[in-house]
Amino acid sequence: MAPLERPPDVTVTVPGSKSFTNRALVLAALADGTSTLHGALVADDTEAMAAALEQLGVGIERHDGGRRLVVHGLGGRLPAGPLRIDARLSGTTARFLLPVLALGSGPYVLDGRAPLRRRPMGPTVDALRALGAEVDDGAETGPGHLPVTVRGLGTRGGATAVPADLSSQFVSGLLLAAPAMPEGLDLTMLGAAVSRPYLTMTTATMAAFGVEVERPSPDRFVVAPASYRATAYGVEPDASAASYFLAAAALTGGRVRVAGLGAGSLQGDIRVVAVLEQMGAEVELADDSVEVRGTGQLRGVDVDLADLPDMAQTIAVVAAFADGPTTVRGVELIRHHETDRIAAVVAELRRCGLTVHERRDGFTIEPGPLRPARIETYDDHRMAMSFALLGLRAPGIEIADPGCVAKTFPDYFATLDQLRRPAEPGPEPE
Ligand SMILES: O=C(O)C1=C[C@@H](OP(=O)(O)O)[C@@H](O)[C@H](O)C1
Ligand SMILES: C=C(OP(=O)(O)O)C(=O)O
């Protein structure tokens, strides 16, 4: 990708939220009746979820290229096994589906591709055993890892404590299935919870499908046995996907607006604009749109991204162009994402010639001139999407395995090319 010839001045459209799409798919599947999802993401992560649910007997009609889904729910009744389900590379599919599988007799085997087999599943496995399910894990890759076999005849529900300092998805997945458990769920989080905004996204989506979650304390969730109500659900644009275009405005000195995403979003990653503003960009967060304007000035910052861990790579590439060092902290958990994202960011920015200091929970980037480099992406869509931004300003940046963006944003590079469009006409003179 050649550097931009002039700063962008565009409005871009990003696809639906992966996180909301996969939550809504699970709840529509558990509901009794027919739901419609509008604006759904069409990508590998969501197709993994949809295909898995179809194996469980959920009817899914795809319209408008898969962006509108008509889902015929099971009402919590799962077919007997044996079934083998492939979560591919999707952490949400794995962590959200395991508790769903514990609602059926099974046996169900949940597996995934090698990078997903490396990611932790132990907190969900332990919680499901505590709730009465029979779970065999680690036959091939060690305890707490896929493939995992589930038999749910004994699942009662009730009380359980779940570590929340490694991933928020273990808690989210158990909550999503909770109303279908005979005794419901009384879940207490252990440790310093990470990615907290995703927990709010979970309870908000559950409410949209008719189930309320009580929160007696910030770390405790109580869900009574209940039935989800089939509904029409609108998926908002993906704030994580939007971040790359908003960051592009900040690091090129241009203007980028993303429609359909605004101040009311529950997605924690919308908060990336506060970091871009701290670095020197101008930000306009309206009800139904977000706009970032680069000012030509970028300051280094010291930020804790524990609530928006997927933004660590986005901020890292902006930091490469700042006028001082940037430290990202509070994101040790991203070592267990698609790849060890801390090690990957450090290695690839060093490959570009920057001095980067690795921390246990993040990194410190010293900005400087970038040399041409072929960026390794480690099966990680966010490595590809974030590091591609370097090429908007620096020559000779090549992204290895660009197709890995299909995990959540198949059209990413076509959308990124829109930054080369001629400036949008300004308002007519008075
Ligand atoms: O619940 C979700 O939809 C997600 C939660 C987060 O996972 P972690 O809590 O493991 O960071 C996030 O990184 C992921 O992209 C999506
Ligand atoms: C961590 C991510 O996804 P998941 O955990 O759902 O695979 C991500 O999209 O950055």
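Because the structure is a prediction, the values reported are computed rather than measured.

J.: Help me understand the pairing of strand β6 (residues 108-111), please; the structure alone is not making it clear to me.
T.: Regular strands place side chains that alternate from one sheet face to the opposite one. Residue alternation in β6 divides its side chains into two sets, Y108 and L110 and V109 and D111, and both sets are buried. The pairing of strand β5 (residues 83-86) with β6 spans four bridges and is parallel. By the bridge assignment, R84 is partnered in β6 with V109. As a crossover connection, the stretch from β5 through helix α3 (residues 91-101) into β6 is right-handed. Looking at chain direction, β6 and strand β8 (residues 148-151) are connected through three bridges and run antiparallel.

J.: What am I meant to see in the site of ligand 1 here?
T.: Taken together, the neighbourhood of ligand 1 is formed by 14 residues, with S19, R23, S167, S168 and D310 sitting nearest. In this structure, an oxygen atom belonging to ligand 1 sits 3.0 Å away from a side-chain N or O atom of S195. One nitrogen or oxygen atom from the side chain of D310 is found 2.6 Å from an oxygen atom belonging to ligand 1. Protein contact buries 96% of the 380 Å² of open area that ligand 1 shows by itself. Those elements that place two or more of their residues in the shell around ligand 1 are α1 (18-30) and α3. It is α1 that contributes the most residues to the shell around ligand 1, three residues altogether. Lining the shell around ligand 1 are residues from two domains, each supplying at least three of them: domain 1 (9-15 + 237-419) and domain 2 (18-213).

J.: Explain the site of ligand 2 here, please?
T.: Near ligand 2 there are 14 residues, and of these G91, R119, Q169, R382 and K407 occur at the shortest range. At 2.8 Å from an oxygen atom of ligand 2 is found a main-chain nitrogen or oxygen belonging to G91. A distance of 3.3 Å is found between an oxygen atom of ligand 2 and a side-chain nitrogen or oxygen belonging to D310. Protein coverage of the free-state accessible area of ligand 2, which is 300 Å², stands at 98%. Because more than half of its atoms lie within 2 Å of the grid, ligand 2 is assigned to the largest cavity. Secondary structure elements with two or more residues in the shell around ligand 2: α3 and α12 (381-387). Looking at the shell around ligand 2 residue by residue, the classes come out as one nonpolar, six polar and seven charged. Counting only domains with at least three residues in the shell around ligand 2, you end up with domain 1 (9-15 + 237-419) and domain 2 (18-213).

Conventions and cut-offs
Residue positions within a chain follow its written sequence, with the count starting from 1. The naming scheme follows written order: chains are lettered A onward, ligands numbered 1 onward. Reporting of local features is limited, given that this is a predicted model, to residues whose pLDDT is at least 70; pairs of side-chain atoms are given and counted only at 80 or more, and all residues count toward the totals for whole chains, interfaces and linings. The basis for the side-chain values is all heavy atoms of the structure; hydrogens and waters are excluded. Each residue is placed in one exposure class: buried if its accessible area under a 1.4 Å probe, protein chains only, is under 20% of its type's maximum, exposed if it is over 50%, and partly exposed if it falls in between. The helix count covers DSSP runs of H or I at least four residues long, the strand count covers runs of E at least two residues long, and both are numbered beginning at the N terminus. Paired strands are those between which DSSP finds at least two bridges. Consider the strands pointing away from the viewer: the crossover is right-handed when the path from the first strand over the helix to the second runs clockwise. Nearness here has a simple test: a residue counts as near a molecule or strand if at least one of its heavy atoms is within 4 Å of that partner. Polar contacts, as counted here, are pairs of nitrogen or oxygen atoms within 3.5 Å of one another; within protein the pair requires one atom able to donate a hydrogen and one able to accept it, and residues that are adjacent in sequence qualify only if both atoms are side-chain atoms. Per-residue and other accessible areas follow the Shrake-Rupley method at a 1.4 Å probe size, with only the shown protein chains counted as cover for residues. Each domain's extent is set by a domain assignment, obtained either automatically or from a database. We place a 1 Å grid over just the protein atoms. Points where a 1.4 Å probe fits but has no way out form a cavity, open points with protein on both sides within 12 Å along at least 5 of 7 lines form a pocket, and any residue with an atom within 4 Å of a point lines it. In this description, a molecule resides in a pocket or cavity if more than half of its atoms sit within 2 Å of the grid points defining it. Ten residues, namely Ala, Val, Leu, Ile, Met, Phe, Trp, Tyr, Cys and Pro, are considered nonpolar, four, namely Asp, Glu, Lys and Arg, are considered charged, and the remaining ones, Gly among them, are considered polar.

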